[in-house]
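Observations on the three-dimensional arrangement
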Amino acid sequence: MSDRPDAGGVLDRRDSRGLLASTVVAGAAGVAGVAGSYAAVGRTPAFVAAPISEVVVASTPDAVVAWSIQTLGNLGAQLGFLLALALTVGLFALTTAVAALLADRFAVPPFAVAPVACVAVALALTGSAVSTLAAGAGAGLVVALASLGVDRESETADSSRSARRRVLQAVAGAFAVGGVGAVLGTREGGDVPDADGEISAGVQSLLDEAGDKSLDVDGIEPLVSEQFYQVDINNVDPTPDREDWTLSVTGAVEEEVEFDYDDLAGMNDATEHRFVTLRCVGERLNGKKMDTALWTGVPVMDLLDSAGIETDECCVMLRAADDYFEEFPLSALEDGFLAFEMNGEALPRGHGYPVRALIPGHWGEINVKWLTEIEVLEEEAKGYWEKRGWHGTGPVNTVAKLHTVNRLGDAAGGGTEIQVGGHAYAGTRGIRRVEVSTDGGDSWSEATLSERLPAEDAWRQWEYTYEAAEPHEVVVRATDGEGDLQPSEETNPFPSGPSGWVSKRVEP
Ligand SMILES: Nc1nc2c(c(=O)[nH]1)N[C@H]1C(S)=C(S)[C@@H](COP(=O)(O)O)O[C@H]1N2
Ligand SMILES: [Mo]
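Residues numbered from 1 in each chain as written. Chains lettered and ligands numbered in written order. Predicted model: local features only at pLDDT ≥ 70, side-chain atom pairs only at ≥ 80, totals over all residues. Heavy atoms only, no water.

Here the focus is the confidence of the model for the protein. Summary statistics for the protein give a mean pLDDT of 90 and a share of 93% for residues scoring 70 or more. Overall, residues 1-11 carries pLDDT values under 50, and its contacts beyond four positions in sequence, including any with other chains, amount to two contacts. (pLDDT = per-residue confidence, 0-100. Contact = heavy atoms within 4.5 Å.)

Scanning the entire structure with this criterion turns up eleven aromatic pairs. Ring geometry for F228 against Y229: centres 5.6 Å apart, planes inclined by 20°, an arrangement best described as stacked. With 6.5 Å between their ring centres and 75° between their planes, W385 and W390 make a pair best called edge-to-face. Assessed through its relative accessible area of 11%, W385 is described here as buried. An aromatic cluster of three or more residues is present, and its members are Y324, F325, Y384, W385, W390 and F494. Cation over ring: R105 sits above F106, and NZ or CZ is 5.8 Å from the ring centre. (Phe/Tyr/Trp six-rings, centres within 6.5 Å; stacked < 30°, edge-to-face > 60°. Buried < 20%, exposed > 50% of the residue type's maximum accessible area, 1.4 Å probe, protein only. Lys NZ or Arg CZ within 6 Å of the ring centre and 35° of its normal.)

A few words on the site of ligand 1. The immediate surroundings of ligand 1 are formed by 20 residues, with Y229, I233, H351, R356 and K369 found nearest. Note that an oxygen atom of ligand 1 is positioned 2.7 Å from one of the backbone N or O atoms of Y229. Between K369 and ligand 1, the recorded distance is 2.5 Å, taken from a side-chain N or O atom to an oxygen atom. Alone, ligand 1 offers 540 Å² of accessible surface; in the complex the protein occludes 99% of this. Grouping the amino acids of the shell around ligand 1 by side-chain chemistry returns eleven nonpolar, four polar and five charged. (Near = heavy atom within 4 Å. Polar contact = N/O pair within 3.5 Å; in protein donor to acceptor, adjacent residues only side chain to side chain. Areas by Shrake-Rupley, 256 points an atom, 1.4 Å probe, with all protein chains shown as cover. Nonpolar A, V, L, I, M, F, W, Y, C, P; charged D, E, K, R; others polar.)

Turning our eyes to something else, we now look at the sheet that holds strand β19 (residues 502-506). On the basis of which strands lie adjacent, the open sheet formed by four strands has the order β15-β14-β18-β19 and antiparallel pairing. Two strands bound the open sheet, and with one partner strand each, they are β15 (445-446) and β19. The sheet contact formed by strand β18 (residues 472-480) and β19 spans five bridges and is antiparallel. Its bridge partner being in β19, V474 is matched across the sheet by K504. (Pairing = 2+ DSSP bridges. Helix = DSSP H or I, 4+ residues; strand = E, 2+ residues; numbered from the N terminus.)

Within strand β13 (residues 416-425), nine of the ten residues are buried, leaving the element largely enclosed by the surrounding structure. Across two bridges, strand β11 (residues 399-400) lies against β13 in antiparallel orientation. Directly across from V399, in β13, lies its bridge partner Y425. Examined bridge by bridge, strand β12 (residues 404-410) and β13 share six bridges and lie antiparallel to one another. Paired with V405 across the strands is V420, a residue of β13. Hairpin connection from β12 to β13: five residues lie between these consecutive antiparallel strands, with G414 at a positive phi of about 95°. Judged from the nine bridges that link them, β13 and strand β17 (residues 460-468) form a sheet pairing that is antiparallel. Each bridged residue has a counterpart across the sheet, and for Q419 the counterpart in β17 is T465.

What follows is the structure in structure tokens.
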């Protein structure tokens, strides 16, 4: 690191400083371009990072996807999205840099060329005018800011000052556009219509019933989840329009038919409200990817009868707007449900707006969201996850989760009064019994269960209160409605879902 004032060194340093400044300005313009697009359209498919994210997801090897789901969970997807964001920023930075070089070559100001170039790139990526113009405006603003008050003639005479000035102005601009983008973009959630404010009396009384039946235990979800987990293959959820949405029934049917949203929502006589629990096959044994909601929709078969389905065909493939697809036996679809409301409001975008499938008792993955097609198959085929080694299309495993340990106070016997609790679920088999051991599995006591919901496929809560003075091992196990005690042996989520008894060390 010599600072020798020989002519060559000074020149080099000046050039490299100018180059560094230009790189930072281009990077700042890249950030502002992405932020501009985000401000205009939020995390929707029109966001410039969305198509890049798709490429990242598509080019991640299946083995890495399977591994990341198991070990990183949602973090893996978030890291993938961060990578996509970084690549998109890089792409816009590169575009800005190339535009600036061209501008220099033809002696036009860079802030005239860079936005146009960014608009062109954004348009090619998304095809969305709003997103594109906002990306161009963001990048253009930063490039313009960077050249504000920087006299080109003086640049050689006083290189370090003007370079610093460009960098500071560009970075400030990127922060400003980034901040505005973050605020505006998070408000853009796609086009799910706001709830009319009116929850129907039927739905309300069911929700009240679930509230009344929920056990009074701190630290566990009530019978209708407040935070419903979300799992899907996208980092950016699709935003189908309700008006344009169609569901086609294809394949081995007498006649292919197509329905639209009004066909479904207009089937007033068939409309039902169902409590349904979903559980992801890829979750940890005591994970939190298991939740319950009250869904409004119509039985699949009421809709499909008009297509003349041969119920002796083997299976169906459900397909979705995000190119997701899952295959399972036609017999399972016969009890299926097409939901367009969740807890009395339009299906949220993240849960499959406008219509999703709910297949009783099966792992979450075949409950296809953003449903667009039901294809009847004559032969078995593999779904998205089965192509990646999972076997997640069948009925769920029985589970009793332990999600809370509450110390209620000093107990009469001198120890501490301890309450443990969680949820138990066995799909359509139902839960008959949950037992708790406070001595590592040597002896067992029956837990209190929440009253049954009026449902075929919903979880129950359990609670057990006891006294303890010494550290000990709590173990929980469930018996399903058919009288089968769940197996104790712990297995990994991959490939067919976690199983085993949940245990936890408790210190009074
Ligand atoms: N279209 C589509 N449907 C999908 C998925 C998806 O990636 N795309 N993920 C499935 C998986 S793996 C699960 S566990 C459930 C989760 O539903 P939720 O996100 O509403 O909780 O949706 C299923 N339906
Ligand atoms: Mo899942």
